[in-house]
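Now for the letters of each chain:
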There are 2 protein chains.
Amino acid sequence: MAKAQSNTEEKIKDAARKLFVEKGFGNATTRDIAECADTNIALVNYYFRSKENLFQEVFQESFAHTFLPVARILNDDLPLEVKIYKFVDHMTEMLKRDPMMPLFVLSEMRGEHSQMCRIMLESGALESNSFQEQLNREAAKGAIRAADALQVETSLMSMVLFPFLSMNILKMKHQMDDEAFTRFVDSRKKIIPEMTLAYLRQREG
Amino acid sequence: MAKAQSNTEEKIKDAARKLFVEKGFGNATTRDIAECADTNIALVNYYFRSKENLFQEVFQESFAHTFLPVARILNDDLPLEVKIYKFVDHMTEMLKRDPMMPLFVLSEMRGEHSQMCRIMLESGALESNSFQEQLNREAAKGAIRAADALQVETSLMSMVLFPFLSMNILKMKHQMDDEAFTRFVDSRKKIIPEMTLAYLRQREG
DNA sequence: GTCTATATCGTGATAGAC
DNA sequence: GTCTATCACGATATAGAC
């Protein structure tokens, strides 16, 4: 079709992405978005039929293009140790570029309604279980203890994501500026894999 | 003063606590709260001057009485291993009783405005650093490696809190019912301390 | 203390001129 | 495609009767 991309449409999308993530779906108003995109409410509803629709269109891609590819690293074909370091590193770098995304996603998941639920399911959230198989193989070799992949994944996700989820509290409570926060999460790139591997390589208690 | 506690006032507080946590400050309406408390909007504004004020009054106590005491376990006078197991266990049990609280607190912290910020600061969020001192003593004895208390605290908090923060996604993605979720977080009571202690006891990389 | 009725405002969405 | 003007609604909050 090669339809020329309207500049206005893109500006609205960008403004929406920014404001939705910053303030949540409920607190970001159409007026905010229009003003931030240097236009007016009527045009927002001209390009997208409604606020809900705008939300949907913007986050289908945005979410599927940032979070999911990184999360899938755990199912890549890589040696266990390499994989864990790569996962933590890529996830951390992604979050440094988009630090408010995780809190946004989680808070939009409250309540059944939530457009986010549909988006997550449609984005192919159901992964393969090749990570569990890898853990089983390593355990059979005696390289690591027996471990539940879901528990390990959850721990990894927790430790990487949580500092960003609680960024505001963390900064406030420990007087961190942006630079100090970056140093903090950067040093976790080493700590988190070490902690995970120390657990896996330990004899079962 | 011994002023008789109005039953209505308590019902409103309870309703507010429930709905604020469930849907967030912005999405819980005064009408919701009034209806849920079996009364009307006028009475809500009679007892509390405004919605914001109601929020403030309800969460000053609620938050300070549930989360903070548990968080302070890390500064208790206990052997390191005992302390870590106790912290994870108590925190998990607290969260099982109030599973939506963490996501609520974090999402209310977005934006500078946020009454939550004041509440957190006033609640005595500034703890002592006795946990760091304990880690230093243990490291000096050679029992553990040198470690930053803030990093260890963050990892512990992460691993306990995150499953509750992402409860909806977790349940949806892995078809967990309430019982399965409880089993999941219960088994983390063992995994999380093991992981933390395995890291601390490991020779430095 | 409790309720009904209402004032006032901000929101999402649309009609219609250009 | 773009804008102004406006509608319909739901929100918080209050006035005033009982």
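It should be emphasised that the depicted structure is a prediction, and the values quoted were computed from it without experimental measurement. (Residues numbered from 1 in each chain as written. Chains lettered and ligands numbered in written order. Predicted model: local features only at pLDDT ≥ 70, side-chain atom pairs only at ≥ 80, totals over all residues. Heavy atoms only, no water.)

A few words now on the nonpolar core. With 140 residues, the main nonpolar core has Phe20(A) and Phe20(B) as its most contacted residues. In contact with Phe20(A), not counting residues within four places along its chain, are Phe25(A), Ala28(A), Ile33(A), Lys51(A), Leu54(A), Phe55(A), Phe59(A) and Phe104(A). (Core = buried A, V, L, I, M, F, W, Y, C linked by side-chain atoms within 4.5 Å. Buried < 20%, exposed > 50% of the residue type's maximum accessible area, 1.4 Å probe, protein only. Contact = heavy atoms within 4.5 Å.)

Before going further, it helps to examine the packing of helix H9 (residues 149-165) of chain A against helix H9 (residues 149-165) of chain B. In helix packing, the relevant descriptors are the interaxial angle and the interaxial distance, both defined with respect to the helix axes. Between H9(A) and H9(B), the least distance of the axes is 8 Å, while the angle of their chain directions is 100 degrees. The pairing of H9(A) with H9(B) is recorded here as roughly perpendicular in orientation. In this structure, H9(A) uses Thr154(A), Ser155(A), Met157(A), Ser158(A), Met159(A), Leu161(A), Phe162(A), Pro163(A) and Leu165(A) to contact H9(B), whose residues at the interface are Thr154(B), Ser155(B), Met157(B), Ser158(B), Met159(B), Leu161(B), Phe162(B), Pro163(B) and Leu165(B). The class makeup of the residues in the contact of H9(A) with H9(B) is 12 nonpolar, six polar and no charged. (Axes fitted to C-alpha atoms, helices over the stretch in contact; angles between N-to-C directions. Helix = DSSP H or I, 4+ residues; strand = E, 2+ residues; numbered from the N terminus. Parallel < 35°, antiparallel > 145°, perpendicular 65-115°, else oblique. Nonpolar A, V, L, I, M, F, W, Y, C, P; charged D, E, K, R; others polar.)

Right, let's talk about the domain arrangement of chain A for a bit. Residues and elements named next belong to chain A. Entries for chain A in the domain assignment read domain 1 (1-49) and domain 2 (50-201). Taken together, the contacts link 16 residues of domain 1 with 16 residues of domain 2. In total, domain 1 and domain 2 occlude about 1500 Å² of area from one another, counting both sides; carbon and sulfur atoms represent 67% of this. Viewed at the interface, domain 2 and domain 1 are joined by one salt bridge. Salt-bridge contacts for Glu61 lead to Lys13; the nearest nitrogen and oxygen are separated by 3.2 Å. At the junction of domain 1 and domain 2, the tally comes to five residue pairs in polar contact (both at pLDDT 80 or more). For the side of domain 1 that touches domain 2, the secondary-structure elements that each account for two or more residues are helix H1 (7-27), helix H2 (30-36) and helix H3 (41-47). (Domains from an automatic or database assignment. Buried area = accessible area lost by both parts, 1.4 Å probe. Salt bridge = Lys/Arg side-chain N within 4 Å of Asp/Glu carboxyl O. Polar contact = N/O pair within 3.5 Å; in protein donor to acceptor, adjacent residues only side chain to side chain.)

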